[in-house]
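# Remarks on the overall topology
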Amino acid sequence: MYTFLPRTGAESETPTHVKRILAVLAVLPALLAGTGGAQTGHGSSDQQTLTIEEIFRPGGLTGRLPQTFAWSPDNSKLSFVQRDASGEHGALWYVDTATGEKSILVSEDKLATLAPPLSKMKSEREKERVQRYSVAAYEWAPDSKHLVFDSVGQLWYYSLANGTAVALTSSSEPSEDPKFSPDGKRLAFVRHHNLFVHAIDAQGERQLTQSPHDDENILNGEVDWVYAEELGVRSNYFWSPNGKQIVFLQMNEARVPTYPLTNLMETHPPVDAEKYPKAGDPNPEVKLGVVDANGGKVKWIALGKDSDVYIPRFGWVRDGIIYAQVLNRAQDKLDLYLVEAGSGRSRRVLEETSPNWVPVSDDFQILKSADRFLWSSWRDGYTHLYVYSFDKGNPLAADAKLERQLEKGEYEVFGVEGVDEAAGLVYFVANRDQVLDRQLYSVPLGGGEVHRLTRADGTHTVSLSPNGKAYVDRFSDLTTPANISFCKMGSDCRFIWHSQSLDAYNLVVPKFVEFKAEDGTLLHGTLYLPPNATNAAPGSVPLLMNPYGGPGAQEVTNSFGGGGTLFTHLLAQHGFATLVVDNRGMAGRGQKFTAVLRHHFGDTELKDQLAALDQALQAYPVLDRNRLGWWGWSYGGYMTLYALTHSDRFRAGVAGAPVTNWLNYDSIYTERYMGLPKDNAEGYRASSPVHNAADLKGRLLLVHGTGDDNVHFQNSVQMVQALIDAGKQFDFMIYPGKTHGISAPADQMHLYHLVLDHFERNLGRAAGQ
């Protein structure tokens, strides 16, 4: 899930390589430690008015971020695509890692053909997929002298030496997820559910898997919707180190139910039947196969006796040895298998269990010694890193052995960013020093002291070079929009890109606030007060609650959130205070804090929000306890409905793309936290606001895109009927064909005007605004 608010055009084409997200906000790059960007809260002699049109215009107020950052395999270049505000024109740039200088790698006129802008895509779903999952438009060849471009499904091989491109594919069907063989002489890709290989220096291609063309249920090496959304899977096939074999995941979706996504803008509406397993439904049946890169019979691999499982991660330990992670349906046990590719023989070498659920991550890494690996676990209450060893000569001989825990403490590791084995260091991002920050750290592989590498307090999202000697850093803090820098380990950083200044808009300065839950747990929040609120009369400022509230995300961080944050500033300038609080059940605070919502959504979240609200009203008498509102998107939209049907304190609310019945949401996400419906029927019923429509209090605005392939439009339709049956009046707005993010500028402007108007009509502005 993990969608806080609809994305702006400036946010939607952000860079790749982010391993963990906290939803839709994350992208790959990041910034110079310690150098200020476009600060907020400072006056200017040339003041400008903050408007919805300015916030959501193409490129946004702060400018369009560079996208698709990638390191050349030889570590000499850091490449990225930089487009203009419209997103229509751009070039592929690179940073020379020796000098830090920027230059153009592929010119604008060539890039227009090789990597067209998103506007060239006709499908809203495909645009959403490319943006949401940061699908790369190009890949480096192993020789660092060539690139492959994905031009709307057609693959081009580009030479940096002479600036020419050769078409590798010309099929009417798109060729996706291209990957070079380790020697760079062949390119693998997925087309219409099958794997293909094309020799770079020869004509023709070889089909490796043979699923019938008319069988839409068998996916070979292709990623389905639910694995991409809920397990963070971005590819389902991998070359062996010697380039002789490919291991891939086959998904059989024959038993997975479909959801009809209907294009109602057509005279005769076409229907896209989306394979979508809901809570309790059959999942895709999955199995691993190994095929010779020259073609031949597939060898299938058996991994345990349970067939109702997930295989979220797999790959090569070395030539001839495969690893695979197998997650059970309940998601409370993750097994690591090692497999002989030739015989298919396998052994479970590690079992990770949890009384709640086992998080899936990208932290597993085989070290170059080929006898040790990194593993992350929250077995001690927080996510930390561990080193295991195994028999290099006979990997299946015994279980993996725990060598050491690399670091520990009451903080969360958000991801391993790289390993420099020559220096004996592991690099990771964590909130070790401040719970609201993200910083880059290093720790010795052999154990020892943890060192912080990024300097400025705030949020750093980083990507390391292959050799671990440099990194790109996207930085922001509560009042500084994103800036991106190239940094060398142990040296200074150099700007690649920085946001446009917001000084002229005289934004308010938000403040971090702290509250206590009913059990004494510390809760963090951010409060936005209107200008001059400290001088306003008591009880004169209406207050909006705007939490996300759901698991897997941490919204209150020391970061600048883009268009959604700017809209909160606009609300402040219109006289509304906004309070954002991370309740128990959200991420970033360890297992106990997160797992409190196990088997029941809504209850603890609302209790914590109301406790924070009461403490805020007491601490800030200027707030009007009789003019309270609530709004949010996705899980935040669900929380709006839950609050307005389980409390009588809110006069108005906006629920955007909400889940209204948890039986409507996907299997992996929902069962992870709620269990299977057959085992928790009452929990599902009590957590679903569609059953409490008769208890609605306050004026509700319900908003949804009809093309939402994530939280299906049926959620809002069912809520509408329940409200009608209960005799409740409400407002309802649909956005035809729009997906979960509602990203088109015209739709966004309409939506945010609607939200603002709803609260002005039902709560009124603060006195004097």
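Note that this is a predicted model, so its numbers are computed, not measured. (Residues numbered from 1 in each chain as written. Predicted model: local features only at pLDDT ≥ 70, side-chain atom pairs only at ≥ 80, totals over all residues. Heavy atoms only, no water.)

## Some thoughts on the overall build of the chain
The helix and strand tally for the chain stands at 13 helices and 43 strands. Over its C-alpha atoms the chain spans a radius of gyration of 26 Å, differing by no more than 12% from the 27 Å that the globule rule assigns to 769 residues. Its C-alpha atoms give the chain principal-axis dimensions of roughly 75 × 60 × 60 Å. Of all 769 residues assigned to the chain, the portion counted as buried reaches 61%. Sequence separation of 24 or more characterises 61% of the internal contacts of the chain that already satisfy a separation of 6 or more. In the form shown here, the chain has an accessible surface area of approximately 28,200 Å², with 48% of it arising from carbon and sulfur atoms. Averaging the locations of the 72 positively and 90 negatively charged side chains of the chain gives two centres separated by 3 Å. (Helix = DSSP H or I, 4+ residues; strand = E, 2+ residues; numbered from the N terminus. Rg over C-alpha atoms; globule rule 2.2 N^0.38 Å. Buried < 20%, exposed > 50% of the residue type's maximum accessible area, 1.4 Å probe, protein only. Contact = heavy atoms within 4.5 Å. Areas by Shrake-Rupley, 256 points an atom, 1.4 Å probe, with all protein chains shown as cover. Lys, Arg positive; Asp, Glu negative; His and termini not counted. Charge placed at Lys NZ, Arg CZ, Asp CG, Glu CD.)

## What about the sheet that holds strand S42 (residues 699–705)?
Reading across from one edge, S36-S37-S39-S38-S40-S41-S42-S43 is the order of the 8 strands in this open sheet, with mixed pairing throughout. Each of the sheet's edge strands pairs with one partner strand only, and the pair in question is strand S36 (511–516) and strand S43 (731–735). When strand polarity is set aside, the average angle formed by the axes of neighbouring strands in this sheet is 20°. Both strand S38 (residues 541–545) and strand S40 (residues 623–633) contribute to a ladder of 4 bridges, which runs parallel. By the bridge assignment, Leu544 is partnered in S40 with Gly629. Each of strand S37 (522–528), S38, strand S39 (577–582) and S40 touches helix H6 (residues 563–573); the most contacted strand, S37, lies at about 60° to it. Seen against the sheet, helix H8 (residues 603–619) touches S36, S37, S38, S39 and S40 and runs at an angle of roughly 145° to S40. (Pairing = 2+ DSSP bridges. Axes fitted to C-alpha atoms, helices over the stretch in contact; angles between N-to-C directions.)

## Overview of the confidence of the model for the chain
Residues of the chain with pLDDT of at least 70 account for 94%, and the chain-wide mean is 92. Ignoring residues within four places in sequence, the model shows residues 7–44, a span with pLDDT below 50, making 164 contacts including any to other chains. (pLDDT = per-residue confidence, 0-100.)

## Thoughts on the packing of H8 against helix H9 (residues 635–646)
At a minimum axis separation of 10 Å, H8 and H9 run at an interaxial angle of 75°. Taken together, the axes of H8 and H9 lie roughly perpendicular to each other. Contact residues: Asp603, Glu605 and Leu606 in H8; Tyr635, Met639, Tyr642, Ala643 and His646 in H9. Residue composition of the contact of H8 with H9, grouped by class: 5 nonpolar, 1 polar and 2 charged. (Parallel < 35°, antiparallel > 145°, perpendicular 65-115°, else oblique. Nonpolar A, V, L, I, M, F, W, Y, C, P; charged D, E, K, R; others polar.)

## Regarding the sheet that holds strand S21 (residues 321–328)
Reading across from one edge, S20-S21-S22-S23 is the order of the 4 strands in this open sheet, with antiparallel pairing throughout. Both outer strands of the open sheet, strand S20 (309–318) and strand S23 (346–353), are each paired with one neighbouring strand and no more. With strand direction ignored, the average angle separating the axes of adjacent strands in the sheet is 20°. Alignment of S21 against strand S22 (residues 333–340), held across 7 bridges, turns out to be antiparallel.

## Observations concerning the packing of aromatic side chains
A full pass over the atoms with the stated rule returns 37 aromatic pairs. Summarising the aromatic geometry, the rings of Trp662 and Tyr665 are spaced 6.1 Å apart at their centres and angled 85° between planes, so their arrangement reads as edge-to-face. Exposure class is identical for Trp662 and Tyr665. Each is buried. Clustering of aromatic rings is evident, with ring pairs tying together Trp357, Trp378, Tyr548, Phe601, Tyr635, Tyr638, Tyr642, Trp662, Tyr665, Tyr669 and Tyr673. Lying over the aromatic face of Tyr94, Lys77 brings its terminal NZ or CZ to 5.5 Å of the ring centre. The residue whose ring lies beneath Lys179 is Tyr237, and the NZ or CZ to ring-centre distance is 4.3 Å. (Phe/Tyr/Trp six-rings, centres within 6.5 Å; stacked < 30°, edge-to-face > 60°. Lys NZ or Arg CZ within 6 Å of the ring centre and 35° of its normal.)

## A look at the environment of Tyr94
Mapped onto the fold, Tyr94 is located in strand S3 (residues 90–96). By relative accessible area, Tyr94 is classed as buried at 17%. For Tyr94 and Thr660, which are 566 residues apart along the polypeptide, the C-alpha to C-alpha distance reads 46 Å. When residues no more than four places from it in sequence are discounted, the contact partners of Tyr94 are Lys77, Leu78, Ser79, Glu101, Lys102, Ser103, Ile104 and Leu105.

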